[in-house]
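Residue-level structural notes
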Amino acid sequence: MTQCPECDAGVQLKDMIEGEIFTCPECGTELEVTATQPFTVAQAPKEEEDWGE
Amino acid sequence: MSSPFTLGVFYTVIRPEEKWILAAAEARGIPVERLADDQVTFPLVRNGFKADLVLNRSVSHTRSLYALRFFEHYGVPTVNPYEVVNLCGDKVLASLRLQEAGVPTPRTVVALTPEAALKALDEVGYPAVLKPPIGSWGRLMAKVGDREEAEQIIEHKSALGSPMHSVFYVQEFVEKPGRDLRAFVVGDRVVAAMSRRSEDWRTNAHLGGTAEPFAVTPEIEELALHAAAAVGGGVLAVDLMEAPDGLVVHEVNPTPEFKALTTATGVDVAGHIVDFVAEVANR
């Protein structure tokens, strides 16, 4: 369990892996798993102009 | 029996697609080296990474190009290769290649200054679509209804300042039946196809377009494989529109997403990609 950096809500690791993107269930901010042991998160990287498929 | 190899996955973030790819590799006993595009460094002489082949899943066109060129320099094959990503990631280069190969595409005119862009729009006729040459997910695309709108949009794009916003890729607005099609090519096969519908004129799944499975007709298969081969082949999502005179290819995506396609069709796209990558590694 850790906290969303945006709204401080508790978020759980579940079966996520490092680098995975997920949405904070409380505030909807897109977060990235930065480590799993211990579990840490940060805001997901912002989309840049040359990003795409 | 294939020989063991280490698969490098070069990525920006882990989305469902990348998670499925990692799981598919694990299920096949293929060791994976994760290469985060914001962490890896590239010396001129290969040093310290294990991958025998790299699957590019970076969403950044710039990072992809430099990294793929480095991997090529190190003698490591990549899916897709540098040249394929270079071509497909730039709509101007992709259109030229598709046209050279005889693949039907929407009528397109390119202009290199705001003044010429107005002329290009007049040549194509209204409504037209104005796209940045690089970038996707429907971002910064504009449907231009008439000359007045054209002048306003071009002024706004010029104000963005970047040299890439001074390259104007102008395309006819294709009257399509409220959907476009995506054929997912892996090697020499179309593994799945879907249609995308949207209230918006842009049908990108990223913008909330809804995906439905679509039967791969011989015509779609032939055209998608032709387009994929034209740009060099590999793992490619070929986007098609049903124009009044027949199918046209408007984009070939070199680092395609496939979450919506997998969900809509039930096809294990990630599994097909990893099988293809293993085949390339063992060539």
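In what follows, the structure referred to is the one given above.
The following refers to the structure shown. Being a predicted model, the structure only gives us computed values, none of them experimental. (Residues numbered from 1 in each chain as written. Chains lettered and ligands numbered in written order. Predicted model: local features only at pLDDT ≥ 70, side-chain atom pairs only at ≥ 80, totals over all residues. Heavy atoms only, no water.)

As a further point, take the packing of aromatic side chains. All names here are of chain B. Summed over the entire model, instances satisfying the criterion amount to nine aromatic pairs over all chains. Seen in terms of ring centroids, Phe10 and Phe42 are 6.3 Å apart; in terms of plane orientation they differ by 70°. Their pairing is edge-to-face. Taken together, the residues Phe10 in strand β1 (residues 7-11) and Phe42 in the loop between β2 (32-36) and β3 (53-57) connect sequence positions 32 residues apart. Between Phe10 and Phe71, the aromatic rings sit 5.8 Å apart at their centres with planes inclined by 80°, giving edge-to-face as the arrangement. Taken together, the residues span a long stretch of sequence, with Phe10 in strand β1 and Phe71 in helix α2 (residues 61-73) at a distance of 61 residues. Since its relative accessible area comes to 1%, Phe10 is described here as buried. Among the aromatic residues, those joined into a cluster by ring pairs are Phe10, Phe42, Phe49, Phe70, Phe71 and Tyr74. (Phe/Tyr/Trp six-rings, centres within 6.5 Å; stacked < 30°, edge-to-face > 60°. Helix = DSSP H or I, 4+ residues; strand = E, 2+ residues; numbered from the N terminus. Buried < 20%, exposed > 50% of the residue type's maximum accessible area, 1.4 Å probe, protein only.)

Right, let's talk about the nonpolar core for a bit. Residue and element names in this part refer to chain B. If you look at the biggest cluster of nonpolar residues, it comprises 31 residues, and the most contacted ones within it are Leu7, Val79, Phe184, Phe258, Ile273 and Val277. Elements supplying a minimum of two residues to this core: β1, α1 (16-27), β3, β9 (179-186), β10 (189-197), β12 (235-243) and α9 (269-281). Top contributing element to this core by residue count: α9, with eight residues. Ignoring anything within four residues of it in the chain, the contact list for Leu7 reads Ala25, Ile30, Pro31, Val32, Glu33, Ala51, Leu53, Leu55 and Val277. (Core = buried A, V, L, I, M, F, W, Y, C linked by side-chain atoms within 4.5 Å. Contact = heavy atoms within 4.5 Å.)

Either a parallel or an antiparallel arrangement is found when strands of a sheet pair, and the pairing is made through backbone hydrogen bonds. Residue and element names in this part refer to chain B. An order of β2-β1-β3-β4 is seen for the four strands of this open sheet, with the pairing classed as parallel. The open sheet is flanked by β2 and β4 (78-79), the only strands paired with a single partner. Bridge count between β1 and β2: five bridges; the pairing is parallel. Each bridged residue has a counterpart across the sheet, and for Leu7 the counterpart in β2 is Val32. Strands in contact with α1 are β1, β2 and β3; relative to β3, the strand with the most contacts, it is inclined by about 155°. Taken strand by strand, α9 contacts β1, β3 and β4, and its axis lies near 145° from that of β3. (Pairing = 2+ DSSP bridges. Axes fitted to C-alpha atoms, helices over the stretch in contact; angles between N-to-C directions.)

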